[in-house]
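These are the residues of each chain, in order.
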Amino acid sequence: MQKSNVATLAEIAIFAGLAMVLDVFTQPLAIGPWISLSFKMTPIFLLAFRRGTRPAMMAGFIWGILQVALGQAAGGWLNLWQGFLEYFVAFSLIGLAGLIKPWLNKSLRKERTLQSLTFMALGALIGSLTRYTIHFIAGLLFWGSYAPKGQSALVYSAIINGSSFLGETLACLIALFLLYPFIKRFLMAN
């Protein structure tokens, strides 16, 4: 096995583990009844920006497996299809943040800070939005019966998943922007 493959596999495992650690050991900051700020997707975004889409999707998939294996998914597993969608597909799709990697690398090499931050924000939005689109769909298909009386499954899923999307994406963007001075070289070295 080549040295770069071993390094990539190690990073996949490390960043999936970091996401799980942040998920388990950090308490999200609650804002209102549904919005919570949590930066647990940040390690997957960092891997996506460094290694690209495929390794980051693998790390997201492993994070989903870890959630199931460690019991984090116990309260949110209704049936096989819902669990598969919300823990394996949704978490894998966070890795789509890596779609911006070529443009981010170019702006990092030219030392264009604002452009690099813009690409990082775009990548985080892509990864987060695709994840929460799957959660929204699962909300429609599987969680709609939990909607308050008189509220449609569509509105219920949009409120719950939309607020989670906003809170987690905002927190991750803040974390990425604050970490930027320290991670520029890390993102370029691969």
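In the annotation of an unreviewed UniProt entry, the entry for the protein reads Putative proton-coupled thiamine transporter YuaJ, and the organism field reads Streptococcus downei MFe28.

(A) Representation of the UniProt feature "transmembrane region" (unreviewed entry) in the protein. Mapped onto the present numbering, the UniProt feature "transmembrane region" (unreviewed entry) falls on residues 7–25, 31–49, 56–78, 84–104, 116–143 and 155–180. The annotated region residues 84–104 carries 67% helix and 0% strand content, and the separation between its end C-alpha atoms amounts to 31 Å.

(B) Up close: the packing of aromatic side chains. In this structure the tally under the stated criterion is 8 aromatic pairs. Between F61 and F88 the ring centres are 5.5 Å apart and the planes differ by 45°, which places this aromatic pair in the tilted class. Within this pair, whereas F61 is found in helix α3 (residues 53–69), its partner F88 is found in helix α4 (residues 80–93), the two being separated by 27 residues in sequence. What makes F88 buried here is its relative accessible area of 16%. For the pair W143 and Y146, a centre-to-centre distance of 5.4 Å together with 45° between the ring planes defines the contact as tilted. Above the ring of F186, the side-chain terminus of R50 is found at 4.3 Å from the ring centroid.

(C) A nonpolar patch on the surface, seen in detail. A cluster of nonpolar residues, I137, L140, L141, L154 and V155, forms a patch on the protein surface that exposes about 420 Å² of accessible area. Assignment of secondary structure puts I137 in helix α6 (residues 113–143).

(D) Representation of α4 within the structure. The first and last C-alpha atoms of α4 sit 19 Å apart over 14 residues, in line with the 20 Å expected at 1.5 Å per residue. In terms of burial, α4 is largely enclosed, as 10 of its 14 residues are buried. Within the span of α4, buried status applies to Q82, G83, L85, E86, Y87, F88, A90, F91, S92 and L93. The N-cap residue of α4 is N79: its side-chain oxygen and the backbone nitrogen of W81 are 3.1 Å apart.

The rules behind the values
Residues numbered from 1 in each chain as written. Predicted model: local features only at pLDDT ≥ 70, side-chain atom pairs only at ≥ 80, totals over all residues. Heavy atoms only, no water. UniProt positions renumbered as here; feature names shortened; annotations may be inferred. Helix = DSSP H or I, 4+ residues; strand = E, 2+ residues; numbered from the N terminus. Phe/Tyr/Trp six-rings, centres within 6.5 Å; stacked < 30°, edge-to-face > 60°. Buried < 20%, exposed > 50% of the residue type's maximum accessible area, 1.4 Å probe, protein only. Lys NZ or Arg CZ within 6 Å of the ring centre and 35° of its normal. Patch = residues over 30% accessible without salt bridge, like charges linked within 9 Å, V, L, I, M, F, W, Y side chains within 5 Å. Areas by Shrake-Rupley, 256 points an atom, 1.4 Å probe, with all protein chains shown as cover. Salt bridge = Lys/Arg side-chain N within 4 Å of Asp/Glu carboxyl O. Expected span 1.5 Å × (residues − 1). Polar contact = N/O pair within 3.5 Å; in protein donor to acceptor, adjacent residues only side chain to side chain.

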